[in-house]
Amino acid sequence: MHCDDRNQFIDSLNRYSLLIIDDLGAERGSAFSKEQVFNVIDCRYRSRKPLIVTTNLMLSEMKNTDDIARKRIYDRILERCVPVRINNQNIRE
């Protein structure tokens, strides 16, 4: 995917009144992957539109990461979203 196409795709996500990101933290840990996740979250953050994020990460992990790239992502999510913990069994087990 060309850089301009990628930017247009990320910008297009703001056309939706609600964006749901499933399983945050399961993506690759490469710098490129983190940059793309940041771009999506930051675009949504600046638009101030609703966002739902699911993750297996604990709130403490999101608040106390030493990874600066992830910290920028998590800070934006935690500023715009209300954490809700759901204790549930793994349906895959």
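Residues numbered from 1 in each chain as written. Predicted model: local features only at pLDDT ≥ 70, side-chain atom pairs only at ≥ 80, totals over all residues. Heavy atoms only, no water.

1. Considerations on the nonpolar core
Stated formally: Here, nonpolar core refers to any group of buried Ala, Val, Leu, Ile, Met, Phe, Trp, Tyr and Cys residues whose side-chain atoms link them within 4.5 Å. For every residue, the accessible area (1.4 Å probe, protein chains only) is compared with the maximum for its type, and the residue is labelled buried under 20%, exposed over 50%, or partly exposed between those bounds. In this text, helices come from DSSP runs of H or I with a minimum length of four residues, and strands from runs of E with a minimum of two, each type numbered from the N-terminal end. The contact rule is simple, with two residues in contact once any of their heavy atoms fall within 4.5 Å.
Within the largest apolar cluster, 16 residues are counted, with the highest numbers of intra-cluster contacts made by I41, I73 and I77. Those elements giving two or more residues to this core turn out to be β1 (19-24), α2 (31-47) and α4 (68-80). Of the residues forming this core, the biggest block, five residues, is contributed by α2. Other than its neighbours up to four places away in sequence, I73 contacts K34, V37, F38 and I41.

2. Quick word on the packing of aromatic side chains
Each aromatic ring pair is described using two quantities: the centre-to-centre distance and the angle formed by the ring planes. Going by this rule: For this analysis, a ring pair means two rings from Phe, Tyr or Trp (six-membered ring only for Trp) whose centres lie within 6.5 Å, classed as stacked if their planes differ by under 30 degrees, edge-to-face if by over 60, and tilted for the remaining angles. Think of it as a cone above the ring: NZ of Lys or CZ of Arg counts as a charge over the ring if it is within 6 Å of the ring centre and within 35 degrees of the ring normal.
Here the structure, examined in full by the defined rule, presents zero aromatic pairs. Over the aromatic face of F38 sits the side chain of R72, whose NZ or CZ is 3.9 Å from the ring centroid. One residue, R76, lies across the ring of Y45, its end atom 5.6 Å from the ring centre.

3. So, the pattern of salt bridges
Under the convention used in this document: Put simply, a salt bridge is a Lys or Arg side-chain nitrogen that is within 4 Å of an Asp or Glu carboxyl oxygen.
By the definition in use, this model includes six salt bridges. For the salt bridge of D42 with R76, the shortest nitrogen-to-oxygen distance reads 2.8 Å. Residue D42 is located in helix α2, and its partner R76 is located in helix α4; the two are separated by 34 residues in the primary sequence. The class for D42 is buried, based on a relative accessible area of 12%. Taking the shortest distance from any N to any O, the salt bridge between D75 and K71 comes out at 3.6 Å. Of this pair, D75 and K71 both sit in helix α4, four residues apart, which is roughly one turn of the helix. Looking at D75, the relative accessible area reads 36%, which means it is partly exposed. Residues joined by salt bridges that share partners form a network here, namely E27, K34, D67 and R70.

4. Things to note about the side chain of S33
On the secondary structure map, S33 appears in helix α2. Contacts of S33, omitting those with residues within four sequence positions, involve E27 and R28.

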